[in-house]
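# A closer look at the structure
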Amino acid sequence: MNKKGFIFDLDGVIVDTAKYHFLAWKKLANSLGIDFTEVENEQLKGVSRVRSLEKILSWGHKTISEDKFMELMSAKNTDYLSYISKMDEDEILPDVPKILNLLKDKEQPISLGSASKNARTILERVNLKKHFDAIVDGNDVSKAKPDPEVFLIAAKLLNVKPEHCIVFEDSVAGVEAANAANMVSIGIGSEDVLGHAKYIFKDFTEISNEFINSLIEN
Ligand code: BG6
Ligand code: MG
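In what follows, the accompanying structure is described. (Residues numbered from 1 in each chain as written. Chains lettered and ligands numbered in written order. Predicted model: local features only at pLDDT ≥ 70, side-chain atom pairs only at ≥ 80, totals over all residues. Heavy atoms only, no water.)

With that settled, the discussion passes to the pattern of salt bridges. Taken as a whole and judged by the stated rule, the model has 13 salt bridges. A salt bridge links Glu 91 to Lys 19; the shortest N-O distance between them is 3.8 Å. Residue Glu 91 is found in the loop between α4 (66-84) and α5 (96-105), and its partner Lys 19 is found in helix α1 (residues 18-31); the two are separated by 72 residues along the sequence. A relative accessible area of 14% places Glu 91 in the buried class. For Lys 19, a relative accessible area of 36% corresponds to the partly exposed category. (Salt bridge = Lys/Arg side-chain N within 4 Å of Asp/Glu carboxyl O. Helix = DSSP H or I, 4+ residues; strand = E, 2+ residues; numbered from the N terminus. Buried < 20%, exposed > 50% of the residue type's maximum accessible area, 1.4 Å probe, protein only.)

Next up, the structure:
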């Protein structure tokens, strides 16, 4: 059987954590008197914690000390973790286990490719860690998405060439990273946002077994 490398982003692809990042960043931005809506949030998806705070501060034209910056990063993460600590398997997005099981049946290697430093904690909470042959997250990279580093490391760990890898992503930065890595990008979300992906699906319920088979065979 052909072997491809299947790489999944985490937040907004496997689990519905994008809403918790939104709530935590909104609270932080508003506390600094900075407006924060879904529009700003879209630009932070897939973006590292440091870069996200830099962007929020620049939108609000704020300059702060390094100590204050570290304090805000830590406050955001504490807030975010308070949501994560209550998560369970119900927050796995629809049909994700079905697709992971199908890939396993087809003996396809699977990796996580996430910007989050909380990725392992989340996978454990929702009991999905065992499905992954490799995990690459925010602790393993020096360059954040849209740099392709995270996906290239995943390909290496899976021992699959980048051009034989398929990436599932919900963020603009993540699709850019997959394209830059010369991988097949599959956008999970809306066409308006992810138009630069090779394929786009609203969610995994729209992805058929035939489509997965065609990715493996082609
Ligand atoms: C990405 C999220 O997966 O991880 C971003 O889309 C988040 O919103 C980034 O900022 C870093 O996550 P964490 O958990 O390390 O703050
Ligand atoms: Mg994401």
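Resuming the write-up.
Moving on, we come to the packing of aromatic side chains. The full count for this structure, using the stated rule, is nine aromatic pairs. Judged by centre distance (5.0 Å) and plane angle (5°), the rings of Tyr 20 and Tyr 83 are stacked. One end of the pair, Tyr 20, is in helix α1; the other, Tyr 83, is in helix α4, and 63 residues separate them in sequence. According to the relative accessible area criterion, Tyr 20 is buried, its value standing at 11%. Judged by its relative accessible area of 25%, Tyr 83 falls in the partly exposed class. Where Tyr 199 meets Phe 211, the ring centres are 5.0 Å apart and the plane angle is 80°; that geometry is what we call edge-to-face. Of this pair, Tyr 199 sits in strand β6 (residues 199-201) while Phe 211 is found in helix α10 (residues 209-217), placing the two residues twelve residues apart along the sequence. Overall, Phe 211 belongs to the buried group, its relative accessible area being 14%. Linked through ring pairs, Phe 6, Phe 8, Phe 132, Phe 168 and Phe 204 together constitute an aromatic cluster. (Phe/Tyr/Trp six-rings, centres within 6.5 Å; stacked < 30°, edge-to-face > 60°.)

Moving on to the coordination of the magnesium ion (ligand 2). Within the protein, the atoms that donate to the magnesium ion (ligand 2) are Asp 9 (OD), Asp 11 (O) and Asp 170 (OD), at distances of 2.0 to 2.1 Å. Sequence spacing among the residues donating to the magnesium ion (ligand 2) works out to D-x1-D-x158-D. Residue Asp 11 is found in the loop between β1 (5-8) and α1, and its partner Asp 170 is found in the loop between β4 (165-169) and α8 (172-180); the two are separated by 159 residues along the sequence. Summarising the burial analysis for this pair, Asp 11 and Asp 170 share the class buried. (Donors = N, O, S within 2.8 Å, 3.2 Å for Na, K, Ca; no water.)

The subject of this paragraph is unusual backbone geometry. Residue Lys 145 is joined to Pro 146 through a cis peptide bond whose omega torsion reads 15°. With respect to the helices and strands, Pro 146 occurs in the loop between β3 (134-136) and α7 (149-158). A positive phi is found at Asn 127, a non-glycine position, where the angle reads about 65°. Secondary-structure assignment places Asn 127 in the loop between α6 (119-125) and β3.

Moving on, we get to the side chain of Asp 137. Structurally, Asp 137 can be placed in the loop between β3 and α7. Given the relative accessible area of 0%, Asp 137 is considered buried. Those residues in contact with Asp 137, other than ones at most four positions away along the chain, are Ser 114, Ser 116, Ala 119 and Arg 120. (Contact = heavy atoms within 4.5 Å.)

A word on the nonpolar core. One finds Phe 8, Ile 14, Phe 132, Phe 168, Phe 204, Ile 207 and Ile 212 to be the most contacted residues of the largest nonpolar core, which totals 37 residues. If we ignore the near neighbours within four places in the chain, the residues touching Phe 168 are Phe 6, Ile 7, Phe 8, Asp 9, Val 13, Ile 186, Ile 188, Phe 204, Ile 207 and Ile 212. One finds Ile 7, Cys 165, Ala 177 and Ala 178 within the second-largest nonpolar core, a separate group that totals 15 residues. (Core = buried A, V, L, I, M, F, W, Y, C linked by side-chain atoms within 4.5 Å.)

A few words on the sheet that holds β6. One open sheet holds the six strands; their spatial order is β3-β2-β1-β4-β5-β6, and the pairing between them is parallel. Every interior strand has two partners, whereas the edge strands, β3 and β6, have only one. Taken over all neighbouring pairs, the strand axes of this sheet differ in orientation by 20° on average, direction set aside. Sheet topology places strand β2 (residues 110-113) next to β3; three bridges connect them, and they run parallel. Pairing of Ser 111 across the sheet is with Ala 134, part of β3. (Pairing = 2+ DSSP bridges. Axes fitted to C-alpha atoms, helices over the stretch in contact; angles between N-to-C directions.)

Neighbouring residues of ligand 1: 13 residues in total, closest Asp 11, Arg 49, Ser 116, Lys 117 and Asn 118. For ligand 1, an oxygen atom lies 2.7 Å from a polar atom in the side chain of Asp 11. Lys 117 places a polar main-chain atom, nitrogen or oxygen, 2.6 Å from an oxygen atom of ligand 1. Taken together, the residues that form the shell around ligand 1 break down as four nonpolar, five polar and four charged. (Near = heavy atom within 4 Å. Polar contact = N/O pair within 3.5 Å; in protein donor to acceptor, adjacent residues only side chain to side chain. Nonpolar A, V, L, I, M, F, W, Y, C, P; charged D, E, K, R; others polar.)

Function-wise, these values are silent; they only describe arrangement.
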